[in-house]
Amino acid sequence: MNFRFGLTAVLLATTALPAFGLAGEATPPAARHVLNFDDVELSSLIADVSIVTGYTFIVHPDVRGKRVTVTSSTPLTREGVFEVFLSTLRVQGFTAVPAGKNTYRIIPEQSAVSEAGTRSSSANSFVTEIIHLNNFNALEAAQMVKPLVDAQGQVIANPRSNTLVVVDYESNMPRIRQLVAGIDEDRTRTETIGLKNIPSGEMESILMALQKNGGEDSGASNFQAIASQTGNSIVIRGDDLTIARALKVIEQLDSTDRVEDTLRVISLKNADASEIVPILEKVAGAMAFRRAETGGEVTPSTIAFHAPTNSIVINAPSETLLTLERVIQDLDKRRAQVLVEAIIVEMSDDTARELGLQFLLSGTGNSTVPFASTNYSRSAPNLLALAGAVAGDTPFNTGDSNPFAASAVSSLLGLTGLSVGIGGQDGDTLFGAILTAVESDTNSRVLSKPFNMTLDNGTSSLLVGQEVPIITGSVLGNDNTNPFQTVDRKEIGVRLDVTPRISSDDAVRLEINQEVSSIAGAISTATSDLIFNKRQIQTDVLADSGEIIVIGGLIQQSDTIANEKVPILGDVPVAGRLFRSEGKASKRTNLMVFIRPTVIRDRQSARDVTARSYRFIRAEELWNGKDDKVNSLDAFVSEVLSSPPPQ
């Protein structure tokens with residue numbers, strides 16, 4: 001049977017007849033085959049392999065015209081035939097990519113790279129593998145691995161995760177794994193050296209500067225030096241060659257006795273020199289006291305600061321000077337900042353209803369008609385004032401003036417709702433009636449968002465409002481001469497005072513004083529004293545960075561029912577409504593205050609929160625249709641600050 005297949009293969013190769021129509025009619029799995037193709041079309045080989053394996057092949061157009069020679073001296077199984085077939089494709093620059101059950105696409109290698117999976121059943125198929133590096137730099141490893149990868153393969157380094165993504169033939173992957181494992185071995189060691197004469201911080205700076213300026217052969221990529229201020233020691237880590245160089249430098253620098261240096265001028269980067277000096281004086285005094293107790297020589301220390309340069313000048317013994325330098329180094333660190341945003345929400349709903357009837361009956365002149373009237377304090381207009389203005393002869397008239405006229409006009413100007421009335425004068429009889437009906441519904445919603453930024457343990461204050469003058473006293477001289485008044489000014493508006501303290505886990509303790517105040521109006525028309533509305537919260541809270549928490553609020557509802565009536569007559573069923581006035585009012589207030597602290601530790605975080613606020617105000621400018629490129633906010637920032645707007 002093997003001999004017959006060999007003849008069939010030769011015959012098919014000679015005639016170059018396509019055999020795609022026979023795909024799927026596979027030979028038995030146990031059958032063995034001898035291949036003997038001499039300079040035949042690659043498409044013919046594909047057709048015969050399809051018959052032997054039972055696989056369906058979808059062939060790329062570039063396959064046409066390719067010629068191959070395949071010869072096997074020993075019989076091959078069906079799997080062996082397929083492996084030889086894949087190797088033949090690889091030699092010609094093609095590969096078979098799975099496209100379903102028992103189906104493959106034969107495409108050029110460069111196209112197959114992007115479709116390589118993470119698993120492969122054949123050594124001649126492309127596969128993708130992710131290799132994690134623990135010690136070696138991924139970028140450098142990619143440069144070393146690239147020459148070993150097939151011409152159509154790829155090596156991609158990811159510096160953030162320190163990994164390699166390799167796409168290559170499965171047969172080449174073991175060699176790449178072995179190479180990466182060899183270069184990724186940890187060949188570093190750690191040494192701790194105690195220093196006698198030179199400060200550890202100074203030694204750390206020297207070693208790191210040498211590694212930084214030493215070029216690629218200095219081992220700068222894997223060398224570390226960390227100073228331990230407490231024990232005046234330094235910890236170094238690196239490969240054997242770098243460690244040997246560092247030990248030699250440390251030995252030479254630390255072998256020379258420290259020069260008796262008692263003077264230092266230290267410039268501070270973050271702390272305030274005036275605040276640091278009292279701390280240093282206490283530390284120096286404590287050290288001098290301990291030295292005196294042990295019988296040592298006591299040399300006074302002098303510590304001062306230079307405000308214009310924010311520098312500290314120290315003149316002290318070497319031991320004291322070294323300790324003070326360590327204290328300054330620990331205190332002169334960049335402090336984090338906190339952006340505190342408050343949201344104040346106040347919603348109120350006021351409803352009121354009034355219904356009342358007033359009437360008047362009175363005689364004038366010599367009339368014997370009795371006087372009768374109903375009048376209620378909340379009703380408008382004032383019926384008595386209107387009657388006085390209409391009546392021509394009253395005891396209060398003086399000449400041509402009527403004192404009730406102004407009151408009547410004022411009463412009419414204050415009308416709201418519905419007022420229906422009738423009145424007049426019939427001979428010596430004056431009569432009138434007014435029906436008033438009012439219903440009001442007022443909804444209000446007040447939103448404000450004060451925010452400010454301050455240093456950790458610093459206090460910031462924000463006030464958006466006005467200063468209102470308030471008379472606090474009046475003084476008259478002798479004989480009521482030279483009068484003058486004393487005036488104080490009260491701040492009203494939205495105020496936010498906050499002091500944040502950041503813990504190690506980015507939780508923020510906030511001391512908050514939040515206040516919203518406004519003018520309610522005058523106490524009465526007879527005085528200029530004012531009534532102020534005030535809502536204030538003073539509290540200490542703890543919140544995580546970026547977390548919104550509620551710090552306080554008020555939900556209040558009040559219902560008021562006010563009835564005025566004529567005794568007895570107002571209680572008569574049905575008809576009693578003519579002798580009474582009814583009013584009902586309801587008020588509901590909902591006030592909530594929310595706080596969100598955000599910890600800002602670096603430049604990028606500060607840029608992010610600045611850009612967020614800038615984009616908000618810029619979006620509002622665009623929303624309002626003010627997209628004038630000349631007069632826009634972006635143009636103003638660029639013109640005034642000579643820098644691009646925050647992005």
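Residues numbered from 1 in each chain as written. Predicted model: local features only at pLDDT ≥ 70, side-chain atom pairs only at ≥ 80, totals over all residues. Heavy atoms only, no water.

(A) The side chain of Thr598, seen in detail. Along the chain, Thr598 turns up in strand β25 (residues 580-600). Using a relative accessible area of 14% as the deciding quantity, one classes Thr598 as buried. With residues up to four places along the chain from it excluded, the contact list for Thr598 reads Gln337, Val338, Leu339, Glu341, Ser545 and Gly546. (Helix = DSSP H or I, 4+ residues; strand = E, 2+ residues; numbered from the N terminus. Buried < 20%, exposed > 50% of the residue type's maximum accessible area, 1.4 Å probe, protein only. Contact = heavy atoms within 4.5 Å.)

(B) Focus on the packing of helix α5 (residues 138-145) against helix α6 (residues 173-183). Contact geometry of α5 with α6 gives a least axis separation of 11 Å together with a crossing angle of 140 degrees. When the axis of α5 is compared with that of α6, the two are oblique. Crossing geometry of α5 relative to α6 is assigned as right-handed. Within the contact between the two elements, α5 uses Ala141, Met144 and Val145 and α6 uses Ile176, Leu179, Val180 and Ile183. Partitioned by chemical class, the residues of the contact of α5 with α6 number seven nonpolar, no polar and no charged. (Axes fitted to C-alpha atoms, helices over the stretch in contact; angles between N-to-C directions. Parallel < 35°, antiparallel > 145°, perpendicular 65-115°, else oblique. Left-handed = near helix turned anticlockwise from the far one by under 90°. Nonpolar A, V, L, I, M, F, W, Y, C, P; charged D, E, K, R; others polar.)

(C) Region of the structure containing helix α8 (residues 240-255). A rise of 1.5 Å per residue sets the reference length of α8, with its 16 residues, at 22 Å; its end C-alpha atoms lie 22 Å apart and thus fit the reference within 8%. Inspection of α8 places Thr242, Ile243, Ala246, Ile250 and Asp254 among the buried residues, and these make up the whole buried set. Around the axis of α8, the buried residues are gathered within 95 degrees of arc, so they sit on the same side. Facing away from the buried side of α8 by more than 90 degrees, the exposed set consists of Leu241, Lys248, Glu251, Gln252 and Ser255. (Expected span 1.5 Å × (residues − 1). Arc of directions from axis to C-beta.)

(D) Summary view of the sheet that holds strand β21 (residues 484-502). A sheet is described by the order of its strands in space; here four strands give the open sequence β20-β21-β22-β23, paired in antiparallel fashion. Where the open sheet ends on each side, the last strands, each with one partner, are β20 (460-475) and β23 (530-544). Within this sheet the neighbouring strands show an average axis-to-axis angle of 20 degrees, counted without direction. Summarising the sheet, β20 and β21 pair through 15 bridges and their orientation is antiparallel. By the bridge assignment, Gly465 is partnered in β21 with Gly493. (Pairing = 2+ DSSP bridges.)

(E) Representation of the pattern of salt bridges within the structure. The tally for this structure, following the rule as stated, stands at 17 salt bridges. Between Arg612 and Glu341 there is a salt bridge, with the nearest N and O atoms lying 3.3 Å from each other. You can see Arg612 sitting in helix α13 (residues 603-623) and its partner Glu341 sitting in strand β15 (residues 337-363), a full 271 residues away along the chain. With relative accessibility at 32%, the residue Arg612 sits in the partly exposed group. Classification of Glu341 by relative accessible area gives buried; the value is 5%. For Arg495, the salt bridge identified is with Glu491, shortest N-O distance 2.2 Å. Three or more residues are tied together by salt bridges with common partners; here these are Glu341, Lys449, Arg596 and Arg612. (Salt bridge = Lys/Arg side-chain N within 4 Å of Asp/Glu carboxyl O.)

(F) Inspection of the packing of helix α2 (residues 42-53) against helix α3 (residues 78-91) at higher detail. Two numbers describe how α2 lies on α3: the axes approach to 10 Å, and their chain directions differ by 160 degrees. Regarding the angle of α2 to α3, the classification is roughly antiparallel. Crossing angle aside, the handedness with which α2 passes α3 is left-handed. Residues Leu42, Leu45, Ile46, Val49, Val52 and Thr53 of α2 touch α3, and the partners they reach there are Arg78, Val81, Phe82, Phe85, Thr88 and Leu89. Classifying every residue of the contact of α2 with α3 gives nine nonpolar, two polar and one charged.

(G) Fine view of the sheet that holds strand β7 (residues 154-158). Strand order in the open sheet made by the three strands is β6-β8-β7, with antiparallel pairing throughout. Pairing within the sheet leaves two strands with one partner each, and these edge strands are β6 (126-132) and β7. For this sheet the average axis-to-axis angle between neighbouring strands, irrespective of direction, equals 15 degrees. Here β7 pairs with strand β8 (residues 163-169) via five bridges, running antiparallel. Bridge pairing links Gln154 to Val167 in β8. Helix-sheet contacts for α5 involve β7 and β8, and the interaxial angle to β7 is about 170 degrees.

(H) Local environment of the environment of Val340. Here Val340 is to be found in strand β15. Separated by 110 residues in sequence, Val340 and Pro450 have C-alpha atoms that sit 8.6 Å apart. With residues up to four places along the chain from it excluded, the contact list for Val340 reads Pro450, Phe451, Asn452, Leu496, Val498, Leu510, Ile595 and Arg596.

(I) Representation of the pairing of strand β13 (residues 302-306) within the structure. Examined bridge by bridge, β13 and strand β14 (residues 311-315) share five bridges and lie antiparallel to one another. Directly across from Thr302, in β14, lies its bridge partner Asn315. Hairpin remark: β13 followed by β14, antiparallel, with four residues in the connecting loop; positive phi at Asn310, about 55 degrees.

(J) How the structure looks around the side chain of Thr88. Among the structural elements, Thr88 can be located in helix α3. Within the structure, the side chain of Thr88 is placed 2.8 Å from the backbone oxygen of Val84, a separation counted as a polar contact. Apart from residues lying up to four places away in sequence, Thr88 is in contact with Leu45, Val68 and Val70. (Polar contact = N/O pair within 3.5 Å; in protein donor to acceptor, adjacent residues only side chain to side chain.)

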